[in-house]
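This is what each chain is made of:
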Amino acid sequence: MSAESVTTAAQAESSGLDTSGAAPGGRHLGLALFVIAAAQLMVILDATITNIALPAIQTDLGVSDANLAWVVNSYALAFGGLLLFGGKAGDLFGRRRMFQVGIAVFTLASLLGGLAPNEGLLIGARILQGIGAAFAAPSALALITTTFPAGKSRNTAMGVYAAMGGVGATVGLLLGGTLTDVLSWRWVFFVNIPIGLAVLAGTRSLVEAERHPGRLDLPGAVTGTGGLIALVYGITRGGDHGWTNTLTLLSFFGAAVLLVAFLLLQARTPDPMMPLRLFKDRNRWGSYATMLFIGSGMFAFFYFLTLYMQLILGYSPIRTGFAYLPFSLGMGIAAGVSAKLVTHVAPRLIAGPGLLVAAAGTFWFATLSPDSSYAGHLMPAMFVTALGLGMSFVPMTLGAVSGVDHLDTGVASALLNTAQQIGGALGLAVLSTISTSAADDRLPGAAAALYRGLATRDSALVARAGDALTHGYTTAFVAAGGVFLAGLLVTALAINGGRQGQGGVRVHVG
């Protein structure tokens with residue numbers, strides 16, 4: 001589930017485009033819908049499809065525990081850090097053109113990722129994928145408003161687009177497991193190539209959007225994204241090489257300088273990438289901060305639970321993918337219920353209890369042992385966690401766009417998605433450091449010891465390593481639960497207690 005899946009109509013209505021025009025009669029609307037839906041699905045599922053393949057990637061390329069998280073984080077940082085920049089580029093140079101550029105870059109990066117001979121090139125390919133996604137995703141939504149006539153046709157397209165955001169994560173988990181099991185982990189990247197080429201071939205069916213005056217905030221993109229990358233690298237390196245390590249300290253110093261420069265630039269630039277005026281409203285910045293915490297805990301949840309199921313319980317990749325179905329079910333149920341409640345109940349009275357339930361589910365995972373059962377432990381804890389998270393998305397989305405000036409609604413909702421991606425990258429960096437440290441306290445080099453024990457059939461070493469790794473994962477789950485509670489605290493203090501009117505914003509839950 002992505003925050004984007006419940007903000008699509010709000011962004012379309014505020015994109016600054018003419019949303020009343022119809023596409024020319026000769027246009028093939030079915031093809032156009034396929035193109036946009038396939039692109040959205042490809043971008044969203046890529047955030048989860050790689051998770052299932054992580055153990056296979058680590059074994060094949062010899063990726064260290066510290067660097068394994070970068071396979072996930074590099075995509076999230078590039079995608080989240082450049083999402084606003086990509087949207088602005090579409091405004092200036094044409095949505096269809098930037099959509100084509102984004103899909104082309106994403107497809108090329110997928111080819112490079114599948115061919116990567118080492119972790120450095122794989123992480124580089126993931127960064128390139130994130131850049132492509134950042135240009136394609138915001139343009140896709142605006143193209144719906146220019147390609148599909150107002151009314152039933154456009155509403156159907158919006159619903160399909162929103163559904164892709166909702167099912168993307170589930171499809172990614174199932175497809176990632178199947179491809180890794182049947183073929184190779186490399187196919188979680190190769191699968192994007194035929195999809196990307198088909199999308200590019202069909203872009204002629206899309207109607208170009210109106211261009212807007214302005215300029216790209218290139219200094220803002222460089223300082224903002226660079227600062228976040230330096231911060232995440234410092235956190236990761238600190239856990240691996242020590243917090244007083246010279247390069248660790250330089251990374252934190254560089255992050256501080258770049259992020260301060262980013263904020264100063266945003267305050268003084270006439271056409272900023274991230275308008276600071278959006279943070280003046282308490283409900284809005286509270287929604288962004290809460291989504292930052294939600295992303296932090298949720299990314300870590302997928303990461304550590306996947307490693308636990310495959311490395312400790314010995315699940316195959318495809319079995320791991322299907323094991324996540326209760327999570328998808330819980331998210332869908334809770335998001336649907338909260339979408340109906342949000343106009344009758346104060347947002348913090350929905351999101352607050354939701355985050356408390358999510359924390360409870362995550363703390364339940366903190367009681368895992370190397371021989372925990374799926375039916376008695378993993379499945380119910382997964383469902384509870386999903387219910388809590390599903391209740392949090394809709395009220396936070398409406399809090400982010402409610403009361404925003406018409407021209408700023410697209411940016412406001414894009415910022416929510418940015419907060420989720422950046423929060424996920426930061427949270428995973430911190431929690432993976434905590435997990436690795438806790439595991440190594442029990443058995444230095446626990447992951448390497450596990451692989452060594454499996455290779456030599458040393459059951460005693462496998463048991464010791466499994467116990468150490470499980471201790472690391474459960475420690476991370478405790479921290480993730482704390483992250484959700486921090487989000488609950490922000491919700492209680494910053495989000496208002498009044499009923500949240502939708503103000504014309506239509507909510508779609510995939």
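A quick note: this is a predicted structure, and the numbers were derived from the prediction, not measured.

Caption draft 1: Region of interest: the overall build of the chain. Along the backbone of the chain there are 18 helices and 0 strands. In the chain, which comprises 510 residues, the proportion classed as buried is 57%. Sequence separation of 24 or more characterises 84% of the internal contacts of the chain that already satisfy a separation of 6 or more. For the chain, the exposed surface amounts to about 18,500 Å²; the carbon and sulfur share of it is 67%.

Caption draft 2: Representation of the layout of surface pockets in the model. Here the second largest pocket is characterised by a volume of approximately 520 Å³. Of all the secondary-structure elements, those providing two or more residues to the lining of the second largest pocket are helix H3 (65-93), helix H9 (218-241), helix H10 (246-268), helix H11 (282-312) and helix H16 (409-442). Looking at the lining of the second largest pocket, the element that brings in the most residues is H16, giving 5 residues. Residues belonging to the lining of the second largest pocket are distributed by class as follows: 17 nonpolar, 5 polar and no charged.

Caption draft 3: Broad picture of empty space enclosed by the protein. In this structure the tally under the stated criterion is 1 cavity of 30 Å³ or more. Of the volumes computed, that of the largest cavity is approximately 140 Å³. Forming the walls of the largest cavity are 15 residues, and the residues nearest its centre are Asp-65, Leu-307, Ser-435, Thr-436 and Tyr-473. Contributing elements (two or more residues each) for the lining of the largest cavity: H3, H11, H16 and helix H18 (459-494).

Caption draft 4: Examining the nonpolar core more closely. In this structure, Leu-305 and Tyr-324 are the most contacted members of the largest nonpolar core, which totals 120 residues. In this structure, Ala-339, Val-342, Val-394 and Leu-398 belong to the second largest nonpolar core, which totals 5 residues.

Caption draft 5: Representation of unusual backbone geometry. With phi around 55 degrees, Arg-457 is a residue other than glycine that occupies positive phi space. As for its position among the elements, Arg-457 is in the loop between helix H17 (446-456) and H18. Its relative accessible area of 78% is what places Arg-457 among the exposed residues.

Caption draft 6: Fine view of the confidence of the model for the chain. Looking at the chain as a whole, its pLDDT mean stands at 79, while 82% of the residues score no less than 70. Here residues 4-27 scores under 50 on pLDDT; set against residues more than four positions off or in separate chains, the count is 80 contacts. A low-confidence stretch, residues 500-510 stays under pLDDT 50, and its non-local contacts, those more than four residues away or across chains, total 42 contacts.

Caption draft 7: Looking closely at a nonpolar patch on the surface. Taken together, the side chains of Leu-108, Leu-111, Leu-112 and Leu-115 make up a nonpolar region of the molecular surface, amounting to roughly 350 Å² of accessible area. Following the sequence through the fold, Leu-112 ends up in helix H4 (residues 95-115).

Caption draft 8: Broad picture of the environment of Ile-350. Along the polypeptide, Ile-350 turns up in helix H14 (residues 348-365). We classify Ile-350 as buried; its relative accessible area is 2%. Separated by 41 residues in the primary sequence, Ile-350 and Met-391 have C-alpha atoms spaced 6.4 Å apart. The residues contacting Ile-350, other than those within four sequence positions of it, are Ser-338, Leu-341, Val-342, Val-345, Met-391 and Pro-395.

What counts as what
- Residues numbered from 1 in each chain as written.
- Predicted model: local features only at pLDDT ≥ 70, side-chain atom pairs only at ≥ 80, totals over all residues.
- Heavy atoms only, no water.
- Helix = DSSP H or I, 4+ residues; strand = E, 2+ residues; numbered from the N terminus.
- Buried < 20%, exposed > 50% of the residue type's maximum accessible area, 1.4 Å probe, protein only.
- Contact = heavy atoms within 4.5 Å.
- Areas by Shrake-Rupley, 256 points an atom, 1.4 Å probe, with all protein chains shown as cover.
- 1 Å grid on protein atoms, 1.4 Å probe; cavity = no way out; pocket = protein on both sides within 12 Å on 5 of 7 lines; lining within 4 Å.
- Points joined across faces, edges and corners; volume = space filled by probe spheres on them.
- Nonpolar A, V, L, I, M, F, W, Y, C, P; charged D, E, K, R; others polar.
- Core = buried A, V, L, I, M, F, W, Y, C linked by side-chain atoms within 4.5 Å.
- pLDDT = per-residue confidence, 0-100.
- Patch = residues over 30% accessible without salt bridge, like charges linked within 9 Å, V, L, I, M, F, W, Y side chains within 5 Å.
- Salt bridge = Lys/Arg side-chain N within 4 Å of Asp/Glu carboxyl O.

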